[in-house]
Amino acid sequence: MQENRFHLAGYLAGRPTLRSLPSGMAVANVRLGQTYRLSRNDLPAEHTNWFSLVFYGDLATLAMELDKGTNVYVEGSFDQRPTTDQQGRKRYDYEVRVQKFFRIGRASDEAARSAPSDLPYAHEALNDETESGDRLVESVPWAI
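In this report, the structure presented in the accompanying data block is examined. (Residues numbered from 1 in each chain as written. Predicted model: local features only at pLDDT ≥ 70, side-chain atom pairs only at ≥ 80, totals over all residues. Heavy atoms only, no water.)

**A look at the overall build of the protein**
When its secondary structure is counted, the protein shows 3 helices and 6 strands. What you see in the protein, going N to C, is helices and strands ordered as β-β-β-β-α-β-β-α-α. A total of 144 residues make up the protein; the buried ones form 31% of that total. Within the protein, contacts between residues separated by at least 24 positions form 55% of all contacts whose residues are at least 6 apart in sequence. (Helix = DSSP H or I, 4+ residues; strand = E, 2+ residues; numbered from the N terminus. Buried < 20%, exposed > 50% of the residue type's maximum accessible area, 1.4 Å probe, protein only. Contact = heavy atoms within 4.5 Å.)

Pasting the structure below:
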């Protein structure tokens, strides 16, 4: 059995852009950054990995509610798409086809507390108990 699952958490680099396929299906694209700190020769440094996210259908419409800097958790599949650059060389674009996503907010964020949380998979996916009885996520202010 083979499985292509990709899990990411990070901050959006901008607002998603929305377009439609010829079939009429909505598609939204946005970049997500993950920054982490490391030390090199006892000097602090930061590195950011960038990922292209693609939302299809109803998820694309929901993604349009996200803003630049929003902290999100996404689940999806990792895909590569062949392209040709300006010099005619074959390149590959790597992107995450989002299947689920959750907005991550601070528990003290009043707007996050008042946002809807009645979507069927939102709390089930993040608040299930692990085998040891510990909570994966103690409280998710709200999820998409």
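So, next bit.
**Looking at the environment of Glu-46**
On the secondary structure map, Glu-46 appears in strand E4 (residues 43-56). On the basis of relative accessibility, which here comes to 52%, the residue Glu-46 falls in the exposed class. C-alpha separation for the pair Glu-46 and Tyr-36, spaced 10 residues apart in sequence, amounts to 5.7 Å. Discounting residues that sit within four places of it in the chain, Glu-46 has contacts with Thr-35, Tyr-36 and Arg-37. Of note is the side chain of Glu-46, whose polar atom sits 3.3 Å from the side chain of Arg-37. (Polar contact = N/O pair within 3.5 Å; in protein donor to acceptor, adjacent residues only side chain to side chain.)

**Digging into the pairing of strand E1 (residues 6-12)**
Sheet faces and side chains relate simply in a regular strand, where the side chains alternate between the two faces. As paired elements, E1 and strand E5 (residues 71-84) share 6 bridges and run antiparallel to each other. Each bridged residue has a counterpart across the sheet, and for Phe-6 the counterpart in E5 is Gly-76. Across 2 bridges, E1 lies against strand E3 (residues 26-40) in antiparallel orientation. Counted as the bridge partner of Leu-12 is Leu-32 from E3. (Pairing = 2+ DSSP bridges.)

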